[in-house]
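Coordinate inspection notes
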Amino acid sequence: MKKIQVLVFCIVLTNIATAQEVTDKGTIWIGGNASFASVSSTGATASSITLSPTLNYFIAKSIFIGGAVNWSRVSENGNGGSSFGVGPHLGLAFGTEASSSIPYVAAGLKYLSNRTDQSGLPVLNRSGSDFFVAGGFNMIVRESLGIIIEASYHIQSFEGGASFNSFVLGIGVTGILN
């Protein structure tokens, strides 16, 4: 029985120490998410794949700078397109020593490059920008592993005047290096 009590005590102590270090200066969060979607309707099938790795470095207690890359590919009955984005962001995490879930907010700007391929039409290449704000939680599940749940709002503008606004909900994994 004593061994079980000692084990439980060590696990609790480790989780408290981990939460304290998760937002300390010098900590790195490496993570991202991936998604695949397929939609079928009468006579049409569309699919998309997205990869979004991120890197955040805490420059001070609870303040991080980082960068993100996004790549996605969409196809529908021989037509399709791809998108690539890269850029910096700045964020603030709100964890405490007892936190097992670290809330955060971030804002950033990405350079975007899109390519659209449609049957019978010339390939369309265009560049633009993506300003975004995000908020989420890094739920600590192990000493150096977290699950990210994030909501973000994007304002995308492209050359030629096209613009898009989008709301995105995502889930991903992050590694925590102290």
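Anything mentioned here points back to the structure above.
Every chain is numbered independently, its residues counted from 1 as its sequence is written. pLDDT decides what is reported in this predicted model: residues at 70 or higher carry local features, side-chain atom pairs at 80 or more are listed and counted, and totals for whole chains, interfaces and linings draw on all residues regardless. Side-chain measures were taken over the full set of non-hydrogen atoms in the model, leaving aside hydrogen atoms and water.

On to the overall build of the protein. Put simply, DSSP marks the helices as runs of H or I at least four residues long and the strands as runs of E at least two long, and each gets a number from the N terminus on. For the protein, the count of helices and strands is one helix and eight strands. The secondary structure elements of the protein, listed N-terminal to C-terminal, are α-β-β-β-β-β-β-β-β. We call a residue buried when its accessible area falls under 20% of the maximum for its residue type, exposed when it is over 50%, and partly exposed in between, using a 1.4 Å probe and counting protein chains only. With 178 residues in all, the protein has 28% of them scored as buried. Whether two residues are in contact is decided by their heavy atoms: any pair within 4.5 Å suffices. Looking at the protein alone, contacts between residues at least 24 apart form 52% of all its contacts between residues at least 6 apart.

A separate point is the side chain of lysine 110. Along the chain, the position of lysine 110 falls in strand β5 (residues 101-117). As used throughout, the charge tally considers Lys and Arg to be positive and Asp and Glu to be negative, leaving His and the chain termini uncounted. By definition here, a salt bridge exists when the distance from a side-chain nitrogen of Lys or Arg to a carboxyl oxygen of Asp or Glu is within 4 Å. No salt bridge forms around the buried lysine 110; measuring N to O, its nearest opposite-charge neighbour aspartate 130 is 4.5 Å away. Polar contacts here mean pairs of N or O atoms no more than 3.5 Å apart (in protein, one a potential hydrogen donor and the other a potential acceptor; neighbouring residues in sequence count only if both atoms are side-chain atoms). Of the polar contacts made by the side chain of lysine 110, one reaches the side chain of asparagine 70; its length is 2.4 Å.

Each patch is built from residues lacking any salt bridge and having more than 30% relative accessible area; the joining distance is 9 Å for like charges and 5 Å for nonpolar side chains (Val, Leu, Ile, Met, Phe, Trp, Tyr). For the accessible areas, the method is Shrake-Rupley and the probe is 1.4 Å, while residue cover comes only from the protein chains on display. Among the surface-exposed residues, Phe36, Ile49, Leu51, Val69, Trp71, Phe84, Val86 and Tyr111 lie close enough to one another that they form a single nonpolar patch of about 700 Å² accessible area. Every element with two or more residues in the nonpolar patch is listed here: β2 (44-60), β3 (63-76) and β4 (79-93). If you trace the backbone, valine 69 turns up in strand β3.

What follows deals with the pairing of strand β7 (residues 145-158). Any two strands with at least two DSSP-identified bridges between them are counted as paired. Across 14 bridges, the pairing between strand β6 (residues 124-142) and β7 is antiparallel. Across the sheet, the residue bridging to valine 133 is tyrosine 153, located in β7. Between β6 and β7, which pair antiparallel one after the other, the connecting turn spans two residues. The loop that links β7 with its antiparallel partner strand β8 (residues 163-177) comprises four residues; one of these, glycine 160, has a positive phi angle of about 90°.

Our focus in this paragraph is the side chain of asparagine 56. Structurally, asparagine 56 is set in strand β2. The buried category is assigned to asparagine 56, whose relative accessible area is 8%. A distance of 2.5 Å separates the side chain of asparagine 56 from the side chain of histidine 89, its partner in a polar contact. When neighbours within four sequence positions are excluded, asparagine 56 is seen to be in contact with Thr27, Ile28, Trp29, Phe64, Ile65, Gly66 and His89.

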